[in-house]
Amino acid sequence: MNRNSKIYVAGHRGMVGSALIRNLQSKGYQNIITRTSSELDLRNQTAVADFFADEKPDYVFLAAAKVGGIWANNIYRADFLYDNLLIEANIIHSAYQNSVEKLLFLGSSCIYPKLAPQPLKEESLLSGYLEATNEPYAIAKIAGIKLCEAYRSQYGCNFISAMPTNLYGPNDNYDLQGSHVLPALIRKFHEAKISNHPFVEIWGTGSPRREFLHADDLADACVFLMETYNDESFVNIGTGEDVTIRELAELVKETVGFEGELRWNTDKPDGTPRKLMDVSRLHSLGWQHRTDLQTGVSATYQDFLRNQEVYV
Ligand SMILES: NC(=O)c1ccc[n+]([C@@H]2O[C@H](COP(=O)([O-])OP(=O)(O)OC[C@H]3O[C@@H](n4cnc5c(N)ncnc54)[C@H](OP(=O)(O)O)[C@@H]3O)[C@@H](O)[C@H]2O)c1
Ligand SMILES: C[C@@H]1O[C@H](OP(=O)(O)OP(=O)(O)OC[C@H]2O[C@@H](n3cnc4c(=O)[nH]c(N)nc43)[C@H](O)[C@@H]2O)[C@@H](O)[C@H](O)[C@@H]1O
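Residues numbered from 1 in each chain as written. Chains lettered and ligands numbered in written order. Predicted model: local features only at pLDDT ≥ 70, side-chain atom pairs only at ≥ 80, totals over all residues. Heavy atoms only, no water.

- By the naming in an unreviewed UniProt entry, the chain goes by GDP-L-fucose synthase and is assigned to Larkinella knui.
- Recorded in UniProt under Catalytic activity (unreviewed entry), the annotation for the chain is "GDP-beta-L-fucose + NADP(+) = GDP-4-dehydro-alpha-D-rhamnose + NADPH + H(+)".
- Looking at the Pathway (unreviewed entry) heading of the UniProt record, one finds this comment for the chain: "Nucleotide-sugar biosynthesis; GDP-L-fucose biosynthesis via de novo pathway; GDP-L-fucose from GDP-alpha-D-mannose: step 2/2." (UniProt positions renumbered as here; feature names shortened; annotations may be inferred.)

### What to know about the site of ligand 1
Item 1. Close to ligand 1 lie 26 residues; M15, V16, S37, Y137 and K141 are nearest.
Item 2. With respect to ligand 1, the backbone of V16 contributes an N or O atom lying 2.7 Å from an oxygen atom.
Item 3. Taking L106, its main chain carries an N or O atom lying 3.5 Å from an oxygen atom of ligand 1.
Item 4. Look at ligand 1: alone it shows 900 Å² of surface, and the protein chains cover 86% of it.
Item 5. Listing elements by their share of the shell around ligand 1, those giving two or more residues are α1 (15–26), α5 (135–155) and β6 (166–168). (Near = heavy atom within 4 Å. Polar contact = N/O pair within 3.5 Å; in protein donor to acceptor, adjacent residues only side chain to side chain. Areas by Shrake-Rupley, 256 points an atom, 1.4 Å probe, with all protein chains shown as cover. Helix = DSSP H or I, 4+ residues; strand = E, 2+ residues; numbered from the N terminus.)

### Some points on the site of ligand 2
Item 1. Taken together, 22 residues sit near ligand 2, with I70, K188, R210, P269 and D270 positioned nearest.
Item 2. Interatomic distance of 2.9 Å between a backbone N/O atom of S179 and a nitrogen atom of ligand 2.
Item 3. The side chain of K275 places a nitrogen or oxygen atom 3.0 Å from an oxygen atom of ligand 2.
Item 4. In isolation ligand 2 offers 700 Å² of accessible surface; the protein chains occlude 98% of this area.

### Structural notes on the packing of aromatic side chains
Item 1. Summed over the entire model, instances satisfying the criterion amount to 13 aromatic pairs.
Item 2. Ring plane angle 75° and centroid distance 5.8 Å describe the contact between F80 and Y137, whose orientation is recorded as edge-to-face. Of this pair, F80 sits in helix α4 (residues 77–97) while Y137 sits in helix α5, placing them 57 residues apart in sequence.
Item 3. Looking at F80, the relative accessible area reads 1%, which means it is buried.
Item 4. The buried category is assigned to Y137, whose relative accessible area is 9%.
Item 5. Summarising the aromatic geometry, the rings of Y174 and Y311 are spaced 5.0 Å apart at their centres and angled 20° between planes, so their arrangement reads as stacked. With Y174 in the loop between β6 and α6 (181–194) and Y311 in helix α10 (residues 293–311), this residue pair connects regions lying 137 residues apart in the sequence. Residues Y174 and Y311 agree in their burial class; the two are buried.
Item 6. A connected cluster of aromatic rings, assembled from ring pairs, spans Y174, Y301, F304 and Y311. (Phe/Tyr/Trp six-rings, centres within 6.5 Å; stacked < 30°, edge-to-face > 60°. Buried < 20%, exposed > 50% of the residue type's maximum accessible area, 1.4 Å probe, protein only.)

### What about the environment of H197?
Item 1. In this fold, H197 is placed in the loop between α6 and β7 (199–203).
Item 2. In this structure the C-alpha to C-alpha distance between H197 and N90, which are 107 residues apart in sequence, comes to 47 Å.

### Let's talk about the sheet that holds strand β3 (residues 59–62)
Item 1. Strand order in the open sheet made by the 6 strands is β2-β1-β3-β4-β5-β10, with parallel pairing throughout. Looking along the sheet, the strands with just one partner apiece sit at the ends: β2 (32–33) and β10 (235–237).
Item 2. The pairing of strand β1 (residues 7–10) with β2 spans 2 bridges and is parallel. For Y8, the partnering residue across the bridge sits in β2 and is I33.
Item 3. Against the sheet, helix α7 (residues 215–228) engages β3, β4 (102–106), β5 (159–164) and β10, with an angle of about 150° to β4. (Pairing = 2+ DSSP bridges. Contact = heavy atoms within 4.5 Å. Axes fitted to C-alpha atoms, helices over the stretch in contact; angles between N-to-C directions.)

### Some points on the packing of helix α2 (residues 45–55) against α4
Item 1. The geometry of α2 relative to α4 is characterised by a closest axis approach of 9 Å and an angle of 35° between their N-to-C directions. Every pair of crossing elements has a handedness; the one defined by α2 and α4 is right-handed. Together, Q45, V48, A49 and F52 of α2 and N90, I91, S94 and A95 of α4 make up the contact between the two elements. (Left-handed = near helix turned anticlockwise from the far one by under 90°.)

### Examining the environment of G144
Item 1. Relative to the helices and strands, G144 is located in helix α5.
Item 2. For G144, a relative accessible area of 0% puts it in the buried group.
Item 3. Through-space distance from the C-alpha of G144 to that of F105 is 7.1 Å; in sequence the pair is 39 residues apart.
Item 4. With sequence-adjacent residues up to four places away left out, G144 is seen in contact with E88, I92 and F105.

Take a look at the structure:
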């Protein structure tokens, strides 16, 4: 990839896509093309084919997807499967038809079996049953990995896949039903602090463990892989460290400065007990994350304070 390569970032207004744009621009890549979902619905095969034929991008970052936390994944099961299958199939097939030089597909750590050995090695894919709450989304993401592998083996396309752990950062989704845990906790603790509410409700038991990576680190890893990595095997992207949801809640509570009580709603699902990535493949390639969780949560709360009128 050189500084004049034509780079299409699909999903550029999302948390990951916007981090990719920041990272690419900071490294001097100037020829970036984007479309919002209202300009180009990536579920529309003809529209995607026309877009690729007109624009002929050299490189593609596939960061557009139907995304959400545990509740949204569990409720909108059809949308998470249908939208994601169509988006990735349309983009990957058009990238092949238009001789895209290289494509990076973004999956997710939920592709691994619910009870796979921890930390999760890339080799654990398809070795057991998936977590029920996000099975449709995980199946779509596994299909994306397999599309990249199949277009590589049948047509020689240089399509690679990266599997990020749970992410957070600017332009996250702060909708309390649809979001992931970290933005939900930031918003809940902040609003409880402002309104002097005595407690904050948190879902589940607090015992599940999760790993969190800042979106700017993820974007840096994706650009690194686009610049340097050309193998079929997908690569986990994470920190290699995790915390319990209870520890995360305590950290967000302290960061926000909320002094009330934590109340656990155990009617809400816990999901996978643990999802810690084995990041040895990524480390052996020469990339490591920079932002520790405390620094990242603090920066994300400041970003939330600056942009809350847009976010909520
Ligand atoms: N967030 C996480 O914790 C996490 C963890 C692991 C992996 N990932 C992966 O990272 C990628 C990006 O996630 P994210 O958190 O950045 O999600 P996000 O903030 O929700 O952004 C997703 C983007 O996809 C676009 N999009 C969705 N449906 C579309 C459609 N039908 N046509 C065109 N564009 C569409 C949206 O575009 P508009 O804004 O224009 O509507 C949106 O900007 C996804 O593949 C996700 O699976 C995320
Ligand atoms: C990265 C994504 O992770 C998703 O799983 P997953 O980590 O459980 O996604 P989260 O929604 O972030 O939830 C993580 C944990 O935090 C708990 N939690 C506590 N309070 C809250 C809250 O207010 N909101 C939310 N959302 N959770 C909360 C939740 O019950 C679960 O045990 C998958 O469903 C996706 O497919 C995707 O892989």
